[in-house]
Each structure stands twice: as C-alpha cells, then as structure tokens.
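Each chain, letter by letter, is given below.
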Amino acid sequence: MENAELLERFTTLEGRVKALEDHVAILRLIYSWGPAVDTGSSDAAGALFDQEGVLESDLSRLDGPADVVAMVESEGQQALIGQGCAHVQSAPVVNIDGDRATAIAYSQVYLHTEDGHQVWRVSANQWEFHLTPDGWRVSRRVNRVIDGQPESHHILVRALGERS
Amino acid sequence: MENAELLERFTTLEGRVKALEDHVAILRLIYSWGPAVDTGSSDAAGALFDQEGVLESDLSRLDGPADVVAMVESEGQQALIGQGCAHVQSAPVVNIDGDRATAIAYSQVYLHTEDGHQVWRVSANQWEFHLTPDGWRVSRRVNRVIDGQPESHHILVRALGERS
Amino acid sequence: MENAELLERFTTLEGRVKALEDHVAILRLIYSWGPAVDTGSSDAAGALFDQEGVLESDLSRLDGPADVVAMVESEGQQALIGQGCAHVQSAPVVNIDGDRATAIAYSQVYLHTEDGHQVWRVSANQWEFHLTPDGWRVSRRVNRVIDGQPESHHILVRALGERS
C-alpha cells in the first residue's frame, strides 16, 4: 500500500476518533448539570453555558451564565438543595455536525421528603452545543415538562431525525 | 518500523474504532424508543425493528414493524401520550459480536398524574440487534416487569456473562 | 510526510482509542452492579471489586469481595430481590488517569410494592477504579443518600473538577 493511501485512511480515522471524543465531551456537559445545581455550585453551573447561552423552561428563561448563577443561588434552589434534590439526566440521542451539536434527552428531578424520595418532574430536553476555544459549551437548553403538552412532544421528535 | 507492521496495527485500530462506533449506534437505537412511543411517532418506532423483529413483554407479543406501528397508534398508547408518559431507558451493558449485538438494561415508565409524576413500571430488557445494509436494527426485545418474577432475573443475569 | 511523523500521530491515536475503550469498560463495571445485586449473583457482584475494594454507604462498610458476596446473600437483600428491586445507575462523569479512574454518578433504587413501583433511595456515588491484569476493577465506592446531608454534596462536587 502506498504511503499516500495509508495517510488518507489514517486522517479519516483521526476524524472518527475525534467524533467519538466530541460525543463523550457533550455527555459530560449534560451529566455535569445535576452535580452543579444539586450542590449549589453556581459558577460551575453557569460555566456550562456559552456567554450567549439560554436556558428556557416552562417557568423561566435564563440569559447567559450570570442568570444561571443567580438561579442556583436563589432561595428556591437553595431550599431544594437543603431538602435533598437530584437532577438526573437520562442518556441522550446526540447529533454532531462540525462545531455544532444537539442532544435530546429525558430528565427527572427527585426530591427527598418525609415519605422518602419522590419524582418531582419528568421533562423533555433539547440541548444545543457549540465548540468554543475552551471546549464544548451549551448554547441553548429547552426543558418542557412531560404532562401531555405538545411542546414536550416537539422536543422529543427531534431525536428521530437525521443521524450523525 | 516497517510499513507492513504499521499497516497491521492500523487495520487493528480501525476495527477498534468501528466497535466503538457500533456501540454508539446501538445506544442510539435504544434511546430512540422512548421519543418514538411517547410522541406517537409510530413509523419511527416500527423502523427501529428489523422486518422479523419481535417485541415481547408480559402483556403482548408484537411481530414485525407493522405490529409495533399498530401498538403506538392504539387507543391505549394514545391515551398515555395525552396524559404524558416517558419511557426512559437506562444505560445498558452491550456485547457486540460482528454483525450481531445484545444489550441488557433497565427501563422505567413515568406517567403524569394529578399528583405529579409516578413511576408506572420498572422493567428488565433484553435487546438483540443485527447489522443490516441500512444499519443496526432491533431483531428482538424482551421486556419483563421487575416484580420478583424469575423471568426478569433471567434477563438481568445476562449482563454478567462474557465481555466484548 | 515522513514515516516517523506518521508513526507518532498513529501512536497518539492509539492512546486516544484506548482512553475511549477504558471509558466503556468503566461504564460496564458500573452498569453491572444492578444486574448482579438484583438477581442475587453474589459472586459476580463481588468480582467487580478488587481484593482490597471497599463499598461504603450510610448503612455499612464492606471490605473486599467476600463482604460484598455476603451482603448480596444476606436475608435483607434476598427479601428485596423476591419483592422486586432495581438498582439503576445513571450515567456518570468519568475521569481516567493512566491505570486509575474515578466516576461520579447518581443512582436510584426502585422497589415493587402493592401500589406499583416506588423510588426507595436516590444517592450520590463516588467510584474509584484501577486497572488490574484482569481488567478494570472497583477499588472504592462511596454511596450517600441525597437527603440534604453535606456528605452527598461532597461527592457530587467532584464531578465538576478537572477533566480527562
């Protein structure tokens, strides 16, 4: 085999490995959200987002890391942390396209109560990411409670489209 | 180092990367099930299965994509979707052997009710896949509720066998 | 391009693939725990741990595989298995450093009851692994219930540190 041919196969393989590493890096961002908000690590929660990053839910719209930091430090979130809360992200369907990526996933919030642990919320999540000089960051996350509302279905069907 | 030796190492590495990509593709099939059935995307749910694919549970046996499509479009499933349901698949133990693969995993179904979200079912799942010209497809899935029945244990112990 | 330069890029790539494979192997250990303890496969549960492996929780401290085996065979665990229990591990944040690795993850235990499935415990988990001649093994696992106690927070914040 010619060196040139081997080099081409090799460069292709490097790209495939890079895609797998990107996948792992994106999962890591998603799975870092719970540990950040459940421990009050407000800076770490904010740092998952890009400067223009948006977190939109049924209850609020947070614009940029500073809003995320403020939410984590709010009385409401601090009360949940003291009570015992777990923001658990289920494994997503991920699509990567160059320096952009999306992920669709379920999430559950569990709360500790006098009667043990309760499922507080089950939601559909649409995550959007982009690759910055400092690594992958969240550019947008939309969270909709799964209670029959069409908005939650609109998110979930996005898992069924094209494949990366 | 000789070119021949490098080529051999390189070909081995290509195979290892392919195995990792297969793993990701199989996870994607599993994690697509919930978004398909929770949104009534019947064609997408059916398309996860091979033409001879079987979905067997405590309640029913579905033969081929057409049966899966019919189940998703049934009154029962449509009622769950309207109420708000989430079929969440936990991360599996996967074994890949050429163009065949298996996965063992837990799954949970959450339902939205007037009292918030409830855990409706927790099950053991045995997935079997094979690689078709169009990519990986489900050839068989067996789902057994975890309620102490030996059938659920028979599935779960399969996670503990040989490693790929 | 010179053969020497290609060889260097190639060796680097082999290392990156090895890191991805290590990641998969570590996930497999974590996801094998539930199937082992939920089916009473005491030897398989013990074999996940190194000879010096420790499993520490709010309730007990198990030293080495023999203690793990005894716990799985205990009356208490056998009763849970008969009732129907599911020890589900959520996807972790993993850090690998040579032949050592750590993972931080949530876990949930579901129990089957007359009123359906209940969330029995939601916990924070700190896993430590090392690479033995027989593959990756658990050297330490600490499990703390998420009920507002600082010990659970001390575990979860470890997910937010350095990245591998």
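Let me begin by describing the structure that accompanies this report.

Parameters and conventions
Residues numbered from 1 in each chain as written. Chains lettered and ligands numbered in written order. Predicted model: local features only at pLDDT ≥ 70, side-chain atom pairs only at ≥ 80, totals over all residues. Heavy atoms only, no water. Contact = heavy atoms within 4.5 Å. Buried area = accessible area lost by both parts, 1.4 Å probe. Salt bridge = Lys/Arg side-chain N within 4 Å of Asp/Glu carboxyl O. Polar contact = N/O pair within 3.5 Å; in protein donor to acceptor, adjacent residues only side chain to side chain. Helix = DSSP H or I, 4+ residues; strand = E, 2+ residues; numbered from the N terminus. Nonpolar A, V, L, I, M, F, W, Y, C, P; charged D, E, K, R; others polar. Axes fitted to C-alpha atoms, helices over the stretch in contact; angles between N-to-C directions. Parallel < 35°, antiparallel > 145°, perpendicular 65-115°, else oblique. Buried < 20%, exposed > 50% of the residue type's maximum accessible area, 1.4 Å probe, protein only. Pairing = 2+ DSSP bridges. 1 Å grid on protein atoms, 1.4 Å probe; cavity = no way out; pocket = protein on both sides within 12 Å on 5 of 7 lines; lining within 4 Å. Points joined across faces, edges and corners; volume = space filled by probe spheres on them.

### What about the interface of chain B and chain A?
1) Next: Taken residue by residue, the interface counts 36 residues in chain B and 34 residues in chain A.
2) Next: At the boundary of chain B with chain A, total buried surface from both sides reaches about 2900 Å², with 65% on carbon and sulfur atoms.
3) Next: Among the residues of chain B in contact with chain A, B:Phe10, B:Arg28 and B:His117 are the three that bury the most area, contributing 25% of the side total.
4) Next: The tally of links between chain B and chain A comes to two salt bridges.
5) Next: Where chain B touches chain A, the interface holds nine residue pairs in polar contact (both at pLDDT 80 or more).
6) Next: When residues in the side of chain B that touches chain A are grouped by element, the largest group, 19 residues, is from helix 1 (residues 3–37) of chain B.
7) Next: Split by residue class, the side of chain B that touches chain A holds 18 nonpolar, twelve polar and six charged.

### Some words on the packing of helix 3 (residues 64–73) of chain B against helix 4 (residues 75–83) of chain B
Residue and element names in this part refer to chain B.
1) Next: Where helix 3 contacts helix 4, the two axes come as close as 5 Å, and the packing angle between them is 50 degrees. When the axes of helix 3 and helix 4 are compared, the pair comes out oblique. Contact residues: helix 3 offers Met 71, Val 72 and Glu 73, while helix 4 offers Glu 75, Gln 77 and Gln 78.
2) Next: Looking at the contact of helix 3 with helix 4 residue by residue, the class counts come to two nonpolar, two polar and two charged.

### Quick look at the interface of chain C and chain A
1) Next: Facing 34 residues of chain C, the contacting portion of chain A comprises 36 residues.
2) Next: Across the interface of chain C and chain A, roughly 2900 Å² is buried in total on both sides, 65% from carbon and sulfur atoms.
3) Next: Joining chain C to chain A, the criterion identifies two salt bridges.
4) Next: Here A:Glu14 ties to C:Arg9 by a salt bridge, and the two come within 2.5 Å at their closest N and O atoms.
5) Next: Across the contact surface, chain C and chain A share nine residue pairs in polar contact (both at pLDDT 80 or more).
6) Next: The set of elements that each furnish at least two residues to the side of chain C that touches chain A consists of helix 1 (3–37), strand 4 (93–97), strand 5 (100–113), strand 6 (116–132) and helix 5 (150–156) of chain C.
7) Next: Partitioned by chemical class, the residues of the side of chain C that touches chain A number 21 nonpolar, seven polar and six charged.

### Details of the pairing of strand 6 (residues 116–132) of chain A
Residue and element names in this part refer to chain A.
1) Next: The element strand 6 is extensively covered by neighbouring structure, given that twelve of its 17 residues are classed as buried.
2) Next: Bridge count between strand 5 (residues 100–113) and strand 6: 14 bridges; the pairing is antiparallel. Each bridged residue has a counterpart across the sheet, and for Ser 107 the counterpart in strand 6 is Ser 123.
3) Next: Counting the residues in the hairpin turn of strand 5 and strand 6 gives two residues.
4) Next: In this structure, strand 6 lies alongside strand 7 (residues 135–145), joined through ten bridges in antiparallel fashion. Of the residues in strand 7, the one forming a bridge with Glu 128 is Arg 140.
5) Next: Counting the residues that bridge the hairpin from strand 6 to strand 7 gives two residues.

### Focus: the layout of surface pockets
1) Next: In this structure, the largest pocket encloses a volume near 1300 Å³.
2) Next: The wall of the largest pocket is formed by 50 residues, among which A:Leu20, A:His23, A:Val24, A:Leu27 and B:Val24 lie closest to the centre.
3) Next: If you list the elements that add at least two residues to the lining of the largest pocket, you get helix 1 (3–37), strand 4 (93–97) and strand 7 of chain A, helix 1 and strand 4 (93–97) of chain B together with helix 1 and strand 4 of chain C.
4) Next: Among the elements that line the lining of the largest pocket, the one with the most residues is helix 1 of chain A, at eleven residues.
5) Next: In terms of residue class, the lining of the largest pocket is built from 33 nonpolar, six polar and eleven charged.

### Description of the side chain of B:Thr39
1) Next: The residue B:Thr39 is located in the loop between helix 1 and helix 2 (42–47) in this model.
2) Next: Reaching out from B:Thr39, the side chain makes a polar contact with the backbone oxygen of B:Ala36 at a distance of 3.3 Å.
3) Next: Setting aside anything within four residues of it in sequence, one finds B:Thr39 in contact with A:His153, A:Leu156, A:Val157, A:Leu160 and B:Ile81.

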